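One-letter residues, chain by chain:
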Amino acid sequence: MRQRVSAVRRIRQQRRQVTALTRLLESDRAWFDRNPQSMVRFRPERPGDFGLLRLQGEQPPVYVPAALDPTAPQAWVAVVEVMRAIGSLRWRIRTVPMRSRRLQAEMAEVFAIAVCRDVLALLEAQPLNQRLSA
């Protein structure tokens, strides 16, 4: 009986996380639609950003540019739009607060380059036949 109650609680928690994440995805999509020239959106972290990852025992990706304080709380999210030309692929990355528009503009390119390097590293680590079939 306890296992069933635990399973039901886990399922309800996952549903709440999916609902919260869906709202965040819609919000980010709308922001990118209103800001087509932007490749990176910086915003405070909200409940649901990484809840599903944490439920699976995973930690969200973190990136703090060298120019910023690495000891600052990682309470913000950088949403990086990786593939605008052929659809959309956005990565959410925890980071330190960047409240000023000037700092966000300066760091947007840094984040875009860092994400592109990670994507290239992932592609290089995967055998060519797997990349072509995916």
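Look above for the structure.
Now for a look at the structure at hand.

The rules behind these values
- Residues numbered from 1 in each chain as written.
- Predicted model: local features only at pLDDT ≥ 70, side-chain atom pairs only at ≥ 80, totals over all residues.
- Heavy atoms only, no water.
- Salt bridge = Lys/Arg side-chain N within 4 Å of Asp/Glu carboxyl O.
- Helix = DSSP H or I, 4+ residues; strand = E, 2+ residues; numbered from the N terminus.
- Buried < 20%, exposed > 50% of the residue type's maximum accessible area, 1.4 Å probe, protein only.
- Pairing = 2+ DSSP bridges.
- Axes fitted to C-alpha atoms, helices over the stretch in contact; angles between N-to-C directions.

### Here we look at the pattern of salt bridges
In step 1: Inspection of the entire model under this criterion finds nine salt bridges.
In step 2: Residue aspartate 28 pairs with arginine 43 through a salt bridge whose shortest N-O separation is 3.0 Å. Note that aspartate 28 is positioned in helix H1 (residues 2-34) and arginine 43 in strand S1 (residues 40-44), a separation of 15 residues in sequence.
In step 3: Here aspartate 28 falls in the buried class, since its relative accessible area comes to 0%.
In step 4: With relative accessibility at 2%, the residue arginine 43 sits in the buried group.
In step 5: Glutamate 106 is the partner of arginine 102 in a salt bridge, and the nearest nitrogen-oxygen pair spans 2.6 Å. In this pair, arginine 102 and glutamate 106 both sit in helix H3 (residues 101-125), four residues apart, roughly one turn of the helix.

### Looking at the sheet that holds S1
In step 1: Strand order in the open sheet formed by three strands is S1-S2-S3, and the pairing between neighbours is antiparallel. In this open sheet, the two strands that pair with only one neighbour each are S1 and strand S3 (90-95). Averaged over all pairs of adjacent strands, the angle between their axes in this sheet comes to 20°, without regard to strand direction.
In step 2: For S1 and strand S2 (residues 76-81), the ladder comprises five bridges, and the chain directions are antiparallel. Residue pairing for S2: arginine 43 is matched across the bridge by valine 77.

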